[in-house]
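# Structural overview
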Amino acid sequence: MTAYTHAESNVRKTFLFISFFLIVLIGFGWLISKSTGNPVFIYGFSLFASITSIISYWFSDKIVIGMYHGEEVTRESNKDLYNLVENLSIASGLPMPRVYIIPELQPNAFATGRDKNHAVIAVTEGLLRTLDRPELEGVIAHEFSHIGNKDMLLGTVIVVLVGVISMMSDLFLRISAFGGNDDDRKEGNGLFFFLGLAAAILAPIAAVLIQLAISRKREFLADATGALITRYPEGLASALEKISSDNHRMASANSATAHLWFSAPAKKENFIAKMFMTHPPVEERIAALRNMDL
């Protein structure tokens, strides 16, 4: 898969996921309406689904940056970092993104935003303290690759929608458990409650599986493209070694955003956890970089 076809695939996946999200929430509304005998829920959930889809597309970057308390960087506030990002912007042929620093000691980074003209690159304080300049260039070039490949569009939309689906599932369970009356149950609406119960349990699982189904190959592609931007694969490989050996935990780690980060923020310490890794093994990424022939 080329970078171009990968980018087009990510756009299609984004709108497929938003469609899935709309169907799930409208379905919840219909099931609650049937189980409680109150048709207002179908209209309320339909409106909520539409509004949330729009918000997730246009403002997901602000939501994610807000989750991690990012502080925007200017040329005046951090000249070295700003100039480094600006140079890589020129080298990659992409517009200059907004740059943020995340107050976390774990060395890490991510890219977010709906398109290349509204992109954000965020780095943690730990990344700036841990890496030297060639290594930092490698990581940020990797994030530029995600912008060019439109990985961050799909990733940031998923962060918002997975969270909303989980929240709405919980709301369904609460309303269905206490809503309705005996007459509704006698008329057979209890059946819709049990159907809704199954949907409320399965929908969040399906959403997470879709999140995990985003190919891990996107990281290999971003590594390769980032190395092509800097023309120095060893910088990125060395960065991966340092980051993987760092023992700092992310204080504000969130499983919904794990796939956005350069390196998985949570340490995988058991077999089950490793089955649901959002990133390829670091050893494989390093080996692929060191076997590149530029």
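Analysis parameters
- Residues numbered from 1 in each chain as written.
- Predicted model: local features only at pLDDT ≥ 70, side-chain atom pairs only at ≥ 80, totals over all residues.
- Heavy atoms only, no water.
- Buried < 20%, exposed > 50% of the residue type's maximum accessible area, 1.4 Å probe, protein only.
- Helix = DSSP H or I, 4+ residues; strand = E, 2+ residues; numbered from the N terminus.
- Pairing = 2+ DSSP bridges.
- Phe/Tyr/Trp six-rings, centres within 6.5 Å; stacked < 30°, edge-to-face > 60°.
- Lys NZ or Arg CZ within 6 Å of the ring centre and 35° of its normal.
- Polar contact = N/O pair within 3.5 Å; in protein donor to acceptor, adjacent residues only side chain to side chain.
- Axes fitted to C-alpha atoms, helices over the stretch in contact; angles between N-to-C directions.
- Parallel < 35°, antiparallel > 145°, perpendicular 65-115°, else oblique.
- Contact = heavy atoms within 4.5 Å.
- Nonpolar A, V, L, I, M, F, W, Y, C, P; charged D, E, K, R; others polar.
- Patch = residues over 30% accessible without salt bridge, like charges linked within 9 Å, V, L, I, M, F, W, Y side chains within 5 Å.
- Areas by Shrake-Rupley, 256 points an atom, 1.4 Å probe, with all protein chains shown as cover.
- Salt bridge = Lys/Arg side-chain N within 4 Å of Asp/Glu carboxyl O.
- Core = buried A, V, L, I, M, F, W, Y, C linked by side-chain atoms within 4.5 Å.

Burial runs high along strand 4 (residues 120–124): five of the five residues are buried. Burial along strand 4 is two-sided: the face carrying Val 120, Ala 122 and Thr 124 and the face carrying Ile 121 and Val 123 are both buried. One ladder, built from five bridges, connects strand 2 (residues 98–102) with strand 4; its direction is parallel. By the bridge assignment, Val 99 is partnered in strand 4 with Ile 121. The pairing of strand 3 (residues 109–112) with strand 4 spans four bridges and is antiparallel. Directly across from Thr 112, in strand 4, lies its bridge partner Val 120.

Take the packing of aromatic side chains next. On inspection of all chains with the given rule, the structure shows three aromatic pairs. Ring centres 4.7 Å apart and planes at 85 degrees place the aromatic pair Phe 110 and Trp 261 in the edge-to-face group. Here Phe 110, found in strand 3, pairs with Trp 261, found in the loop between helix 9 (233–245) and helix 10 (271–275); they are 151 residues apart in sequence, far enough to count as distant. Of the two residues examined, Phe 110 and Trp 261, each falls in the buried class. Counting every residue linked through ring pairs, the aromatic cluster contains Tyr 68, Phe 110 and Trp 261. Arg 285 extends its terminal NZ or CZ atom over the ring of Phe 262, reaching a point 4.9 Å from the ring centre.

Our focus in this paragraph is the side chain of Asp 246. The topology assignment puts Asp 246 in the loop between helix 9 and helix 10. Among the polar contacts made by the side chain of Asp 246, one reaches the main-chain amide nitrogen of His 248 at a distance of 2.9 Å.

Turning to the packing of helix 5 (residues 133–148) against helix 9, a few remarks are in order. Working note: a packed helix pair is described by the angle between its axes plus the distance between those axes. Where helix 5 contacts helix 9, the two axes come as close as 7 Å, and the packing angle between them is 95 degrees. Relative to helix 9, the element helix 5 is oriented roughly perpendicular. Residue-level contacts link Pro 134, Glu 135, Gly 138, Val 139 and His 142 of helix 5 to Gly 235, Leu 236, Ser 238, Ala 239, Lys 242 and Ile 243 of helix 9. A class-by-class count of the residues in the contact of helix 5 with helix 9 yields five nonpolar, four polar and two charged.

The four strands lie next to each other as 1-2-4-3, forming an open sheet whose pairing is mixed. At either margin of the open sheet sits one strand with a lone partner, and together these are strand 1 (71–73) and strand 3. Strand after strand, the sheet turns through a mean of 30 degrees between neighbouring axes, direction not considered. In this sheet, strand 2 lies alongside strand 1 in antiparallel orientation, the contact comprising three bridges. Across the sheet, residue Glu 72 finds its bridge partner in strand 2, namely Tyr 100.

Time to look at a nonpolar patch on the surface. On the surface, Leu 47, Ile 51, Ile 54, Ile 55, Trp 58, Phe 59 and Ile 63 cluster together into a nonpolar patch covering about 640 Å² of accessible area. Relative to the helices and strands, Trp 58 resides in helix 2 (residues 40–67). Judged by relative accessible area, which is 40%, Trp 58 ranks as partly exposed.

Inspection of the secondary structure puts Ile 286 in helix 11 (residues 282–290). Residues Ile 286 and Ala 239 lie 47 residues apart in sequence; the distance between their C-alpha atoms is 9.4 Å. Contacts of Ile 286, omitting those with residues within four sequence positions, involve Ala 237, Leu 240 and Glu 241.

Quick look at the nonpolar core now. Counting 34 residues, the largest nonpolar core has Leu 81, Val 123, Leu 127, Val 139, Ile 140, Phe 144 and Ile 147 as its most contacted members. Those elements that provide at least two residues to this core are helix 3 (79–92), strand 2, strand 3, strand 4, helix 5, helix 8 (217–230), helix 9 and helix 11. Top element by residues in this core is helix 5. It accounts for six residues. Grouped together as the second largest cluster of nonpolar side chains are 11 residues, Val 64, Ile 65, Phe 110 and Ala 122 included.

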